[in-house]
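Residue-level structure breakdown
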Amino acid sequence: MRYVLYAVIVALVGLRLWRHRRARALATGDPGEVGPSRPGRVGAAFAKLGGDIGLVARREVRERVRGRTFRVGTAIILLAVAAAVTIPVLRKGGENRERVGIVGALSAPLRATVITTGPALGTEMTLVPEASVPAATRALKAGRLDLVLVGTRRILVDESLDPNDTSTTALLARTISAQVSLQAGLERAGIPSAQALRLANPPPLPVQSLKPPRHNQTARTTAVYGLILTYVLLTQFGTWLLMGVVEEKSSRVIEVLLSTLRAGQLLAGKVIGIGAVALLQAALIVAVALGLAGAEGSTLIHGTSSLEIVSSLLWVVLGYALYCWVFAAGGSLADRQEQVQTLAFPLQLPILFGYIVSFTAIGSGQASELVKVLAYVPFTAPFAMPVLVGLGDVSWWEFILSVILMLVAIVAVARIASVVYRRAILRTGGRVHLRQLFASNAA
């Protein structure tokens with residue numbers, strides 16, 4: 001938990017320093033520190049890299065990063081990621097620990113039998129000597145003990161155990177009861193203690209498999225986080241593009257911009273700028289998650305190969321590269337903010353469908369034929385293909401084939417979206433339908 005507090009403190013200190021710098025710039029009359037007249041390092045890099053497109057991208061980066069929505073949303077997401085990594089570690093450290101009171105003397109083999117019971121059930125166990133049954137009973141009622149072993153005669157618990165109870169305490173009580181009873185019976189029959197211990201705890205039979213394991217639980221958990229990250233980023237930044245285009249069109253700002261820029265340059269700049277912000281947020285989320293997992297000893301990264309992490313990040317990028325053009329072209333078809341929700345829902349349907357089907361598959365631990373088909377459909381591949389990677393149900397050439405199909409779809413969708421954007425962005429007086437654009441083109 002302390003690492004979460006450290007991260008929050010660092011974020012608050014950074015925000016405080018940024019506000020101090022901003023206030024000092026306002027006091028000294030230097031508008032470059034706070035206004036758009038001085039580009040930041042990222043913005044300057046965009047400007048040098050792409051000319052007019054870079055200027056548009058710089059504008060988008062500056063507006064999105066400095067917006068309250070981005071800062072607050074990023075902070076909330078990072079806190080949620082920190083909680084998702086930290087809470088399982090705290091629960092694991094606090095729950096799997098049992099305290100067993102011992103009343104009376106136990107032989108060395110019997111004590112060894114009791115001690116090995118805890119690790120066999122996947123829990124830590126501490127033996128606590130008690131002077132008498134009344135003292136052990138008081139400790140049991142006070143919650144200082146989970147159960148009490150009274151010699152080799154009986155076991156005391158605070159509440160009656162239901163036969164269907166599968167809690168750690170119930171399983172431990174039943175196992176100790178059976179093991180100690182068997183061990184003590186063998187010793188009473190005159191069998192030497194060492195031999196009785198071997199008879200009471202025989203070595204387990206070896207388990208041999210015909211095939212290597214296809215996936216592990218950690219890989220599935222990582223795939224779940226990748227699905228959530230992809231869904232959040234695609235819906236959030238796609239909506240940003242949609243609303244940004246509609247806002248510029250409804251306020252007539254687009255007419256001023258198009259007086260100096262071509263429609264293709266403006267669209268490319270918006271896509272690149274908002275995409276850079278999306279990648280920045282994704283990188284920050286992944287860095288915080290992996291940093292906390294490594295610092296706190298979380299199982300999030302143990303057993304997870306770099307291929308699974310790279311695959312999730314690659315499909316986040318490819319998913320945005322495809323859907324950004326769709327949302328931008330969709331925004332050009334409306335001219336009022338009231339139409340955003342009407343447009344957003346059908347555009348998000350493939351995202352929602354791919355997310356639900358893929359999430360169901362990763363939960364069941366088995367990829368259905370539908371998921372395998374969706375892994376090659378560009379609009380659902382960003383969700384389905386990482387699931388197949390997490391389940392170990394895809395070969396390298398199938399992965400590359402899906403990427404190639406995705407790249408072809410991105411080029412095709414970008415060309416179509418550019419045409420729609422160029423012909424619809426200046427059409428006002430009501431919502432523009434695609435059939436009107438095609439009719440105009442045919443004429």
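Because the structure is predicted, anything quoted here is derived from the model rather than measured. (Residues numbered from 1 in each chain as written. Predicted model: local features only at pLDDT ≥ 70, side-chain atom pairs only at ≥ 80, totals over all residues. Heavy atoms only, no water.)

1. Remarks on the pattern of salt bridges
Formally: The term salt bridge refers to a pairing of a side-chain nitrogen on Lys or Arg with a carboxyl oxygen on Asp or Glu at a separation within 4 Å. Only runs of H or I of at least four residues qualify as helices and only runs of E of at least two qualify as strands under DSSP, and these elements are numbered from the N terminus. Burial status follows relative accessibility: with a 1.4 Å probe on protein chains alone, a residue under 20% of its type maximum counts as buried, one over 50% as exposed, and anything between as partly exposed.
Taken as a whole and assessed by the stated rule, the structure comprises five salt bridges. For E60, the salt bridge is made with K270, and the minimal N-O distance between the two is 2.8 Å. Of this pair, E60 sits in helix 3 (residues 52-66) while K270 sits in helix 11 (residues 263-296), placing them 210 residues apart in sequence. Side by side, E60 and K270 carry an identical accessibility label, which is buried. Here D393 and K372 are joined by a salt bridge, their closest N and O atoms 3.5 Å apart. Of this pair, D393 sits in the loop between helix 15 (381-391) and helix 16 (396-424) while K372 is found in helix 14 (residues 369-374), placing the two residues 21 residues apart along the sequence.

2. Regarding the confidence of the model for the chain
Low-pLDDT portions of the prediction should not be read for the details of their coordinates. Here is the rule: Within a predicted model, pLDDT stands for the predictor's per-residue confidence, ranging from 0 to 100. Whether two residues are in contact is decided by their heavy atoms: any pair within 4.5 Å suffices.
Chain-level statistics for the chain give a pLDDT mean of 76 and a share of 77% at 70 or above. Within the chain, the element-level pLDDT minimum falls on helix 2 (residues 41-50), averaging 47, and the maximum on helix 14, averaging 92. Low confidence marks residues 1-13, where pLDDT is under 50. Its contacts with residues over four positions away, or in another chain, come to 11 contacts. Confidence drops under a pLDDT of 50 for residues 25-49, and excluding neighbours within four residues, the segment shows 31 contacts in the predicted structure.

3. Re the packing of aromatic side chains
Put simply, the test is: Two aromatic rings from Phe, Tyr or Trp, using only the six-membered ring of Trp, form a pair when their centres are within 6.5 Å; if the ring planes differ by under 30 degrees the pair is stacked, by over 60 it is edge-to-face, and anything between is tilted.
According to the stated counting rule, one finds seven aromatic pairs in the structure shown. Judged by centre distance (4.9 Å) and plane angle (75°), the ring pair of F237 and W240 falls under edge-to-face. Highlighted residues: F237 and W240, both in helix 9 (residues 217-250), separated by three residues, approximately one helical turn. Summarising the burial analysis for this pair, F237 and W240 share the class buried. Note on Y323 and F379: the rings are 5.7 Å apart at their centroids and 75° apart in plane angle, and the pair reads as edge-to-face. One end of the pair, Y323, is in helix 12 (residues 306-331); the other, F379, is in the loop between helix 14 and helix 15, with 56 residues separating them in the sequence.

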